[in-house]
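This is what each chain is made of:
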Amino acid sequence: MKMVEGSDEKKFDPQEVIEEFEMLSKDAGRIQEETLQKILEQNGNTEYLQQWGLNGKTDPVSFKNCVPLVTHKDLEPYIHRIADGDLTPILTGKPITTISLSSGTTQGKPKFVPFNEELMESTMQIFKTSFAFRNREFPVVNGKALQFIYGSKQFKTKGGLAAGTATTNVYRNSQFKKTMKAMQTPCCSPDEVIFGPDFHQSLYCHLLCGLIFHNEVQVVSSTFAHSIVHAFRKFEQVWQELVTNIREGVLSTRVTVPSIRAAMSKLLKPDPELADTIYNKCIRLSNWYGLIPELFPNTRYIYGIMTGSMEPYLKKLRHYAGELPLLSADYGSSEGWIGANVNPQLPPELVTYAVLPNIGYFEFIPLEENLDGLEAMPVGLTEVKLGEEYEIVVTNFAGLYRYRLGDMVKIKGFHNSTPELQFICRRNLLLSINIDKNTEKDLQLAVEAAAQLLLNEKLEVVDFSSQLLLNEKLEVVDFSSHVNASADPGHYVIFWELNGEASEEILKECCNCLDKSFVDAGYVSSRKVNAIGALELRIVKRGTFHKILDHFVGLGAAVSQFKTPRCVGPMNLSVLQILSSNVVESYFSTAFS
């Protein structure tokens, strides 16, 4: 089965895309075998596959018997040889010309991942598939998208290969722009803004472009929900400056990059009427509730990845969105794509992803161990069981073979014969000291429970621009965690950034609530016998998590790909230093005293 055409010379037909997906998903088992055969035929003569003794065999049984399960660490030497200019067929038959960089927020440094045209094609197939289903529920016609997307710094590897974040590699590809145009949602910001060298200036201009095209914006999106929330938090601070720019037709002096100024000068013309409209809308809003539909009245939905580490931002995003639906974007990683959201009516907390059986070969390791304590054997795409949890293993067209993605998913259903996955969390992001095992999801639930206590505290804020007294709710802006193993006994440290000051009494209650909300049996029993020490809540200065974002951007990460590190380990000492140096208050739990 061929992929959806990469070229968009012919008109994009959503119904045709849906029909092709239905056909693929009805015979997922056979498509998987054909896909594996195609991958192994293309790459069977590579150094990596030759060493495992496949001897030309392309069937799943031989593949699983011969080729081992691997992590990125196992493939790193091969990838670095490619990056250094070795042109022999190491991982792929055709030369790799581009390297993708992971965000680096998990391990403290970005991983190198091979990227090629086949991955670009599967990206476009995923985009088109989810758009086709999305557009059936929420049609957009001849609109624009306010996309908070940013290219990162690109560089050449030692061997001359272009290297950049996965999102940058996609945004710079001509297919991306063609596809967005075919979907009738081209970005309202010029390329100079997207690929500007200073993301603060790019963000300001994204907001300005959105306001200029306010009636044409039908979709507000970014790769991750965090970027959308971050953008509208910034809007709260700079809205009057934006209004002035529109009124006078002159760009703010905060934008200094010549290429961005030149591009924006073509769009920005004096418009006092629009300036008055925006000003009046803003001063009428109560605590910025419903800001997005107020500014962009023809918006159909808000779109971005909203699962996993993005879930904590949903509450704030819903505040800005008002009644607009939030649609969670597709499921993938720097290593490649897995599935599309073909049920766009589901809220982000319940979203599932239907695996596209022709974009790679997928295996699933059951998370339940065997009776002898050994890891269970992987099963195929159509062998997974409803309600069970698995770790995903990927084999793709860009040189990854039986690659452990490290993601934990749950099987929530089937679309014809292909499974629908719900993302749970990253397997390696665990808080653990003794026999305790708390995942990123466990941390998120604990923070949500404790943050409820803040809702009783009113936060009075004066908006000096309008001289209005706003009764904002006290809330957690962002959070992270760390295992302090240097203490005896070791204990969990939770970092919170708040949007204002809370009383000592409330923060002590929050600290105790956090401690009690980790319900893992190993944690509770260890706390009771003091094998794990009292949980510590550290309050950091406002803007601390912004400093972490700036830190990763300085290392070359794209803002579009940024994920707040939820668990800061020993590999992330620079982030731990930023957090620790900005602590203003610290509390220890008395929940188990």
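Everything here concerns the structure above.
Residues numbered from 1 in each chain as written. Predicted model: local features only at pLDDT ≥ 70, side-chain atom pairs only at ≥ 80, totals over all residues. Heavy atoms only, no water.

Residues V220, F232, F235, I302 and F364 are the most contacted members of the largest nonpolar core, which totals 144 residues. Residue contacts for I302: discarding those within four places in its chain leaves V220, I228, I292, L317, A321, L324, P325, L326 and L327. Within the second largest apolar cluster, 29 residues are counted, among which are L474, V476, F479 and Y492. (Core = buried A, V, L, I, M, F, W, Y, C linked by side-chain atoms within 4.5 Å. Buried < 20%, exposed > 50% of the residue type's maximum accessible area, 1.4 Å probe, protein only. Contact = heavy atoms within 4.5 Å.)

Our next topic: unusual backbone geometry. Positive phi outside glycine occurs at N142, with the angle close to 45°. Position of N142 among the secondary structure elements: in the loop between α6 (117–137) and β3 (144–147). Residue N142 is classed as exposed on the basis of its relative accessible area of 62%. (Helix = DSSP H or I, 4+ residues; strand = E, 2+ residues; numbered from the N terminus.)

Take the sheet that holds strand β6 (residues 217–224) next. Strands in a sheet are paired, the pairing made by backbone hydrogen bonds, and the direction either parallel or antiparallel. Pairing within the open sheet is parallel, and its four strands lie in the order β3-β6-β7-β8. The two strands at the open ends of the sheet, each matched to only one other strand, are β3 and β8 (326–328). Each neighbouring strand pair of the sheet contributes to a mean axis angle of 25°, computed without reference to strand direction. Summarising the sheet, β3 and β6 pair through four bridges and their orientation is parallel. Each residue of the ladder has a partner; that of Q147, found in β6, is S221. (Pairing = 2+ DSSP bridges. Axes fitted to C-alpha atoms, helices over the stretch in contact; angles between N-to-C directions.)

Across all of its chains, the model carries 19 aromatic pairs by this definition. Ring plane angle 75° and centroid distance 5.9 Å describe the contact between Y48 and W52, whose orientation is recorded as edge-to-face. Among the residues examined, Y48 registers a relative accessible area of 2% and is labelled buried. Ring centres of F127 and W337 lie 5.8 Å apart, and the angle between their planes is 75°; on these two criteria the pair is classed as edge-to-face. Of this pair, F127 sits in helix α6 while W337 sits in strand β10 (residues 336–340); the two residues are 210 residues apart in sequence, bridging distant segments of the chain. Here the guanidinium or amino end of K144 rests over the ring plane of F213, the centre of that ring lying 4.9 Å away. We note R566 situated over the ring of F479; from NZ or CZ to the ring centre the distance is 4.2 Å. (Phe/Tyr/Trp six-rings, centres within 6.5 Å; stacked < 30°, edge-to-face > 60°. Lys NZ or Arg CZ within 6 Å of the ring centre and 35° of its normal.)

Before going further, it helps to examine the pattern of salt bridges. This structure, assessed with the given rule, holds 17 salt bridges. Two residues, R254 and E241, come together in a salt bridge whose shortest N-O distance is 2.7 Å. Taken together, the positions of R254 in the loop between α11 (225–248) and α12 (258–267) and E241 in helix α11 put the pair 13 residues apart, joining distant regions of the chain. Note on R254: relative accessible area 35%, which makes it partly exposed. The exposure class of E241 is partly exposed, given its relative accessible area of 27%. (Salt bridge = Lys/Arg side-chain N within 4 Å of Asp/Glu carboxyl O.)

Tracing the chain through its elements places V193 in helix α9 (residues 191–194). Given the relative accessible area of 0%, V193 is considered buried. C-alpha of V193 to C-alpha of I149: the two residues are 44 residues apart in sequence and 9.1 Å apart in space.

Further remarks concern the environment of G143. Here G143 shows up in the loop between α6 and β3. For G143, a relative accessible area of 6% corresponds to the buried category. Spatially, the C-alpha atoms of G143 and P186 are 7.5 Å apart, while their sequence positions differ by 43 residues.

Before going further, it helps to spend a moment on the packing of helix α19 (residues 544–554) against helix α20 (residues 573–581). Taken N-terminus to C-terminus, the directions of α19 and α20 make an angle of 155°; their axes are 9 Å apart at the nearest point. Judged by the inter-axis angle, α19 sits roughly antiparallel to α20. When you trace α19 past α20, the crossing you get is right-handed. Counting all contacts with α19, which are made through T544, F545, K547, I548, H551 and F552, the residues of α20 involved are S574, V575, I578 and L579. Taken together, the residues of the contact of α19 with α20 break down into six nonpolar, three polar and one charged. (Parallel < 35°, antiparallel > 145°, perpendicular 65-115°, else oblique. Left-handed = near helix turned anticlockwise from the far one by under 90°. Nonpolar A, V, L, I, M, F, W, Y, C, P; charged D, E, K, R; others polar.)

We now examine helix α15 (residues 314–321). Residues of α15 that are buried: L314, K316, L317, Y320 and A321. With its buried residues spanning 160° around the axis, α15 presents them on a single face. Note on α15: the residue one or two positions beyond its end, G322, has a positive phi of about 60°. (Arc of directions from axis to C-beta.)

As a further point, take the state of the cysteines. Tallying each qualifying case throughout the model produces zero disulfides. Between C510, a free cysteine, and C513, which holds the nearest cysteine sulfur, the sulfur-to-sulfur gap is 7.1 Å. By relative accessible area, C510 is classed as buried at 0%. Considering cysteine sulfurs only, C510 is the nearest to C511, which forms no disulfide, with 8.7 Å between them. By relative accessible area, C511 is classed as buried at 0%. (Disulfide = S-S within 2.5 Å.)

Worth remembering: the numbers are spatial, not functional.
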